[in-house]
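Each chain, written out:
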Amino acid sequence: MGDDSEWMKLPIDQKCEHKVWKARLNGYEEALKLFQRIEDEKSPEWGKYLGLIKKFVTESNAVAQLKGLEAALAFVENAHVAGKTTGEVVSGVVTKVFNQPKARAKELGTDICLMYIEIEKAEVVQEELLKGLENKNPKIVVACFEALRKALSEFGSKIVTLKPVVKALPKQFESREKAVRDEAKLLAVEIYRWIRDALRAPLQNINSVQLKELEEEWVKLPTSPPKQTRFLRSQQDLKAKFEQQQAQGDQSDGEDEVETVAAVDPYELLEAVEVLSKLPKDFYEKIEAKKWQERKEALEAVEALTKNPKLENGDYGDLVRALKKVVGKDANVMLVTLAAKCLAGLAAGLRKKFGTYAGQVVPTILEKFKEKKPQVVQALQEAMDAIFHTTTLQNLSEDILAVMDNKNPSIKQHASLFLARSFRHCTQATLPKSVLKPLCAALIKQVNDSAPEVRDAAFEALGTAMKVVGEKAVNPFLTDLDKLKLDKIKECADKVELPGGKKPAGGGEGAKKPAAKAAAPAEAPSKSSGPPSRSQTSAASKSSAGPAKKGKPASAAGGKAKKTSDNKEVVESELSVEVCEDLAGGVLPASCLQQLDSANWKERLASMEEFQKAVETMDKSVMPCQALVRMLAKKPGWKETNFQVMQMKLRIVALIAQRGQFSKTSAFVVLDGLVDKVGDVKCGGNAKEGLTAIGEACSLPWTAEQVVSLAFSQKNPKNQAETLSWLANAMKEFGFAGINVKAFINNVKTALAATNPAVRTSAITLLGVMYLYMGAPLRMFFEDEKPALLSQIDAEFEKMQGQSPPAPIRCVRKAAAEDAGDEGEEQDEDGGGGGQDIMDLLPRTDIGDKITSELVSKIEDKNWKIRKEGLDETAAIISEAKFITSNIGELPLALKARLNDSNKILVQQTLSILQQLATAMGPGLKQHVKALGIPVITVLGDSKPNVRAAAMATLQAWVEQTGMKEWLEGEDFSEELKRENPFLRQELLGWLAEKLPTLRTVPGDLMLCVPHLYNCLEDRNGDVRKKAQDALPTFMMHLGYDKMNKATGKLKPASKDQVVGMLEKARAVMPAKPAAPAKAGGGKGSGESRAASATRSQPAADELDSKPEAKKVRGGGAAKKGAASKKPAAKNLKDDEDKSGPIFILVPNAKEQRIKEEKQLKILKWNFITPRDEYVEQLKTQMSTCFAKWLQDELFHFDFQRHVKAIGVMIERLETESDATISCLDLILKWFTLRFFDTNTTVLMKVLEYLKLLFAMLNRENYHLTEYEASSFVPYIILKVGESKDVVRKDVRAILAMLCKVYPASKVFPFLMDGTKSKNSKQRAECLEELGCLIEGYGMNVCQPTPAKSLKEIAVHIGDRDTSVRNAALNTVVAVYNVCGDQVYKLIGNLSEKDMSMLEERIKRSAKKTPAAPAKQSAAEKSQREHPTNPNATFLRKPAQEDPNKLKIMYRTYRIQARQNAHHSESSHPSIPKEFQLDLDMIEMDQSRVCELPDLVQHKLDELLEPIMIPEPKMRAVSPHFDDLHNSTASTINFVISQVASGDINTSIQALAQIDEVLRQEDKAEVMSGHIDQFLIATFMQLRLIYSTHMADDRLDKKDIIKLYSCIIGNMLSLFSMESLAREASMGVLKDLMHGLVTLMLDSRVEDIEDGQQLIRSVNLLVIRVLGKSDQTNMISALLVLLQDSLVTTAGPPMFVDLVMKCIWRMIRYLPETINSINLDRILLDVHNFMKVFPKEKLKQLKSDVPHRTLKTLLHTLCKLTGAKILDHLSMIENRNESELEAHLRRVVKQSGNLSGHKSDRGNEKEDRMSKAKVSDILSEIFKKIGSKENTKEGLTELYEYKQKYSDADVEPYLKNTSQFFQSYVERGLRMIESEREGKARIQTSAVIPQHGVDSGLSSTNEELKPAVYYERLKILRQRQGLENNARQGVVGGEDEPQHRSPISSLLSSKPSVASSTDMLHSKLSQLKESRELYQQEHNAHSHSPTHGHTRSASPAANLDDLKKRLERIKSNRQ
């Protein structure tokens, strides 16, 4: 018991493996209970038992085994994962269960096998059971048989594959064990139940006694077909149906039974026999022997071999040729019979493989039907019938048509009989109209033949065709037959019995039952053979018998039936004049008839009017059309001289044709007259209407043919010209369907040759219309015309090029509507469409006679020169004929032999002949595919590339003509792939990978290629393997994953695993099948008519109980096509909807989980040299959970275009899905690393574009890369830095620069160090450059692990072989030197003498340069010079049409470009900190606007304050034609403006000069209206271009740049002097313009150039003008946004911010004048947005409080000017309550109406005088504040300012009631404020705003407070600095903030300051410059980071002394 208790505690799975059998038994019992209890089939619990189930069944203890089997059965039944165990468990059952004595064990074992079959694992089970049949233990064999029998009995032959079972049976009948033999017999009986006689052939060779027993058993079996009684999991719908039928008592047995039984072809069960090697060795000599006995012997030997029912494939060409020769030429009829039997045997044994030879032998056999002897005829018939089954009727039709005109009646008779027999085996699908039409035409001729046997055969053939495809399809071809003959054909049709009881398309009793006829069009022949279904007849009877129940459908069906009879073309015989008069008399008034031929024209006119009224009111059914038109033709008829009468007559003809049942007979009566009047000036229009009406009634093709021939039979050129123009128009209206071009092409040629130009013109116009429909082949008819005429035709064709034919607006009435529908379907089925028909129209030559036996023998000669002669002759014959029929005699075999020629030149010549043949023969080439096309594939295996290329070109040319279907049918194609030739395989697979995705369907024979494809996947040649992998998805798209997976079953286990893995990968990238093309209405009749016919047949289809067959129903098909043609958009829309969802799915913690898994090594670490498949697979798996399915498919598609498309979508969604993008960032970056290994530049550029945007977004979101993300991405992007293409390297550098903002530079450093070890010299150089940039930008701290170690590694590269690497290494070390000086020599360690000397030289050179310029240019700056941006790309070069969206597009383009430029400039990190640096990404934080400031260089302040003189722009002479240009259209202005942004300086200057000329003339300036934004955008783009590109380019002359700047500023001044134009500038554009101008003012490079200072003063003036003249609302908004952006960029220079704020103060000064014109709502919205980004607290945290005060000043001023009304202007702000702005405004308004203004306008006391009442209110408020804890300080300040302003104000009354303590507190507070302000004023600099909120530099002198006081202070300060005191205003430097000095603070004042002493200013500026340099050097010593805060000078006194010394030195130098 102790033992028991031990195992009792164990978990179930451990018990099942316990060594004690009781424990196992207990485990199995508990497992069984558990398995029955788990409800979720996908529960993880099942996974625990996966490895144990085999042990359950192979249990050694018999008792436990039973329980184990029960548990295993429960597991298989319930577990989703059970399928994985199939092989091992079934194998265990076979070996360990089937040999058990207990019946229960065997029963359970069988049940387990069957259960595995039920869960879709039939193949594996069957394989294991068949292995069991080979076991030596008979018990196991018997049990396996039982299991197989039971499986077949329950699941049926569809699930259990019988071929391998049947193959194994015969051997078991020979077993010594009776039990085995008996079981084999039982299985054979069961198999017979399912496949009937197909089993006989494979079992023919077993013991005769056993066979007899079997025969007896088979006879006893019931004849009703068996049914499947157990169903797979995927067949639950069938199961439900089956159970329902069982419940209903098994009543229905129709279609379902047919469906249940899968007809098994006995041929499939047979083993192929190889016969070619068994032919007698002397066969080919004997067959040529003179003695007929020898020939007979040879043939008998062949006959014996061909009796084998299945033959092995091989090259039977020689044998077939020998037999063909006997049939065709042997005089001995007995031998002919033998040879025919041999051919029949070959065809039957080879089946589709014989198709190759069919075309060669059929003409010979047909010719031989001239023999009368019955045995010969019978043998030939058998041969023909056998051959028919190996190919298609379409392939044989040409040969049959060729003998239909033979003089010998016997040949015609047998050809027709063959057709009759063939038709029986056809269906509507395999007998399309394109095949049926020519055959019917030939048969109709034979119906009228003199020989009765020929007529009878033709009737039989036509009757059979009618039975197969239905009357409706055949009747259009039988219009010329009389009723007797039609009845005969119908009689024959009724007699025809289709094989296998196939349902005829027309319905058997259609003639008798109209309702059945109604259902008929909706029927289609069912594919499986079986009795006609009941549902058909029941539906028919229901529709006829039950109109009460289903009124509408029945009537619809009845109506359809009626239509089918009416809608046939109206055929009527010619009536005599007397009969016509009688008929006309019955419907027309007597007076009308009498006056018809009156001599008085007025009476004739009256008669016509009566005639017209009668026709208009007449009923269609009683209108005698022929009689009426004959009355009209009565004398004077068409010779009528009065035009009014004639017009009426013609109108009546049109009416009769439109309203009556108008036949061709009636048309003949009137056509002559109509054509005669077509050219008449007065009657021509009516005549054309009449012709059009006849076209509608009798079809345009027929009418056109008659009309054209009539017109050209007369000589009137006017008629001819008008006829042709009518026809051209009619073609457009009716469409081109059915037009017989050949019929009137000769007349068109006659017209082209006419002397009358109008006729020629009309003919050419008609050709143009025909070209729309026919395309290029039309020209081939006219190639022989004169060159002049041909050029006219070409010109007309050129006009039509690219146009699509118009949709038809008319259609042929009556049957035409349905015909159109059918034609449309036909076109779709043929796949050729219109083009196919056009090719058929071309006149073709039969060159069969020219391919003589002499020519063939030449081609086959032993001497290569003679062979070449033969090939040359062949080529000449083909090129001379141009277009040929498919009859080319024995040429195919001769050419085929040449494809294997040892002389490669001849092989190539043969290939070129085959290409020629393809063009010449067109679609007829199809029948030669097997004979000639497949051998071309063999040539693809040639070792010479040029031969392979020629073969591929030939193959492509053939496929263009034939389509792919013919190639893929049969085994020939797969046999080619089977050849183990690496060249052939890779060419063929590559070709398949290209072709298969374009096909909508493929023949099932493609499956035969799959085993060979799998072999190719494991081929020893790498290229073959790659091509096979590429082809795999394309195979899968047609065959499906399941089929292909199933095919792996025959592979070896190791291969199978590998191939299955590849299949899984291919499944992910499987392309979608191309959609069925939406049918164009113009193709074959209008879309409406097709849809109409579809809906008409719908009720009939609905009547059928739509079972699965409904899909096959023809009407259903039509309906489906109709719907598809009407709603192609809907499908696409659905696809788009699928893609409209999010592309990334935000899965919480998914990234963390992935990081964790990688750390725990559960998944592969993303680290490789080249990506292996397992990495790609892993990435796919990880992506599947968080990427949209469609996106993942695109990302892993094998077509790179899909990658580009996917990245495009990712770019679009980057902003909207930023959070999800970040959550999937690791996967996105990993996918991009894979793309770095692609060679496609397009993808790479798109990848880099995305990455730049991605890193910009990450920076905005303040996201920092994790180690995990960086390590899987950075090493791979560094690989790309060594790319050979500059454009790629430039982008990679930009990305690396941005990377440092989201990942620490110190961590990027080691990756770059690794990059320097690369073998790629470019990569080494670039990595070293980047390292230099990092050191410059971030100091020595970035050097990891230690500076010394890093520097040593970098210094190694100074000795590199590559110059660029050496230079980069030197530059990097110099960068270190700039940071840490001589210490660099310690860090780099020992260098060779040569390297050290190079380094020292480089360091010396860098030291000579001014500190303002960095010693080394960073890579990014270099890249800017290398890659000047091309703004031309952003503007249209052509004069564009006015488009409202154009400006938006331009602006967006500009922004994108600006963003890209910013990426380049961002990456530079100068070693010496500049005074102003902006963090561009921070500026970009505001998504709605773009505001980039590139890195700024130092600015020099020399002579900045000299008097301003605007430079005279030096313009080029204006181009002479400009006056015309600028007056013409706005598009000219667009063009000129676009040139302003040109990258070429001269182009830009010229454009600016032209615009300036316009702006300077007031009368012309208005033309610029509407273009201002466009012009300003172009201008600031040019400014940006100059700043980033031209200024950095040493090659450009700086004078040119100054000239360009002058032009720009001159233009701007002109523009902004005109207020009307200036006000058009929009806010966004003004913002960017101000940004550009301020940047320019701060550009020190401009100052260094001659005239640069003058330029900056001009800019200063321009800024003032822009501020004053622009729309004030836009201007204030722009400045607020600019201020916000520049504050966001904390790294930016305070100078920039100061200047923007000065602009705002100036705008505030304008407010009193402009307050009524500005849009307060918009300004307040912008202030609100500003406060959202910078709330009050955040503003106060800034280093300077000036922005805060600026904002307050703006708001206070607005409040002062508008009062409480300002609160009404907050309408544009959402959630006003949450707005900080509203609270602020309320507070200000509440304090007092004007208090907010009194701070700003202190000098203006008159305005601010207040009434006494207000004074008391204000003081009360102030004292309240002082009394409150929070606001006491604010209250004291306000009280101080109040007293300062109103010195006479009395505050005593407010103090006297308070405590002594409070009074002393107030006084003390006021004193402190006073002393504080006094002190501050002393050290105040001009750059810092005074405490009161308004800058003195921006206010005029009369507003300043106590100017004398300030002047005193100013003097003291100037004396301290050693300056003279003669300037009233100037730039005064503070002692402790040298970096805050602003030379431009005064630039924006109302009056530019003029210095009284130039020398003094020069001195001062020089001193400033010196001090700044000193400051920078000190700064360098203390700080390595450009973003380091501004350090104050440690010793102001020492600094001042130094300054004084320098000042003295400078003065002495100047003297």
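Residues numbered from 1 in each chain as written. Predicted model: local features only at pLDDT ≥ 70, side-chain atom pairs only at ≥ 80, totals over all residues. Heavy atoms only, no water.

Caption draft 1: Focus on helix 92 (residues 1720–1733). Given a rise of 1.5 Å per residue, 14 residues ought to cover 20 Å, and the 20 Å separating the end C-alpha atoms of helix 92 matches this to within 8%. Within helix 92, burial applies to L1720, D1721, I1723, L1724, D1726, V1727, H1728, F1730 and M1731. The inward-facing, buried residues of helix 92 abut helix 90 (1672–1688), helix 93 (1736–1741), helix 94 (1746–1762) and helix 95 (1780–1791). Regarding helix 92, its N-cap is N1719, as a side-chain oxygen of that residue lies 3.1 Å from the backbone nitrogen of D1721 further along. (Helix = DSSP H or I, 4+ residues; strand = E, 2+ residues; numbered from the N terminus. Expected span 1.5 Å × (residues − 1). Buried < 20%, exposed > 50% of the residue type's maximum accessible area, 1.4 Å probe, protein only. Contact = heavy atoms within 4.5 Å. Polar contact = N/O pair within 3.5 Å; in protein donor to acceptor, adjacent residues only side chain to side chain.)

Caption draft 2: Fine view of the environment of A920. Considering the arrangement of structural elements, one finds A920 in helix 48 (residues 904–921). Remark: the alpha-carbon pair of A920 and S879, spanning 41 residues in sequence, is separated by 7.9 Å. A920 has contacts with R844, I878, K882, F883 and I884, leaving out every residue within four places of it along the chain.

Caption draft 3: Local environment of the nonpolar core. Membership of the largest hydrophobic core comes to 104 residues, with the highest contact counts inside it found for M1568, F1616 and L1758. Broken down by element, the residue count for this core peaks at 13 residues, all from helix 91 (residues 1694–1714). When near neighbours in sequence (up to four residues on either side) are disregarded, L1758 contacts L1711, I1715, I1718, L1720, I1723, L1724, G1763 and I1766. F1187, L1191, F1232 and F1236 belong to the second largest nonpolar core, which has 97 residues in total. (Core = buried A, V, L, I, M, F, W, Y, C linked by side-chain atoms within 4.5 Å.)

Caption draft 4: Focus on the packing of helix 20 (residues 355–368) against helix 21 (residues 374–388). It is the contact of helix 20 with helix 21, at a shortest axis distance of 10 Å, that shows an interaxial angle of 150°. Between helix 20 and helix 21, the angle falls in the class roughly antiparallel. For the crossing formed where helix 20 meets helix 21, the hand is left-handed. Residue-level inspection shows A358, V361, V362, I365, L366 and K368 of helix 20 in contact with helix 21, the latter providing L380, A383, M384 and I387. The residue makeup of the contact of helix 20 with helix 21, split by class, is 9 nonpolar, no polar and 1 charged. (Axes fitted to C-alpha atoms, helices over the stretch in contact; angles between N-to-C directions. Parallel < 35°, antiparallel > 145°, perpendicular 65-115°, else oblique. Left-handed = near helix turned anticlockwise from the far one by under 90°. Nonpolar A, V, L, I, M, F, W, Y, C, P; charged D, E, K, R; others polar.)

Caption draft 5: View of the environment of R1665. You can see R1665 is positioned in helix 89 (residues 1652–1669). Sequence separation of R1665 and F1616 is 49 residues, and the distance between their C-alpha atoms is 6.3 Å. When near neighbours in sequence (up to four residues on either side) are disregarded, R1665 contacts L1613, F1616 and S1617. Here the side chain of R1665 touches L1613 through a polar contact of 3.1 Å, landing on its backbone oxygen.

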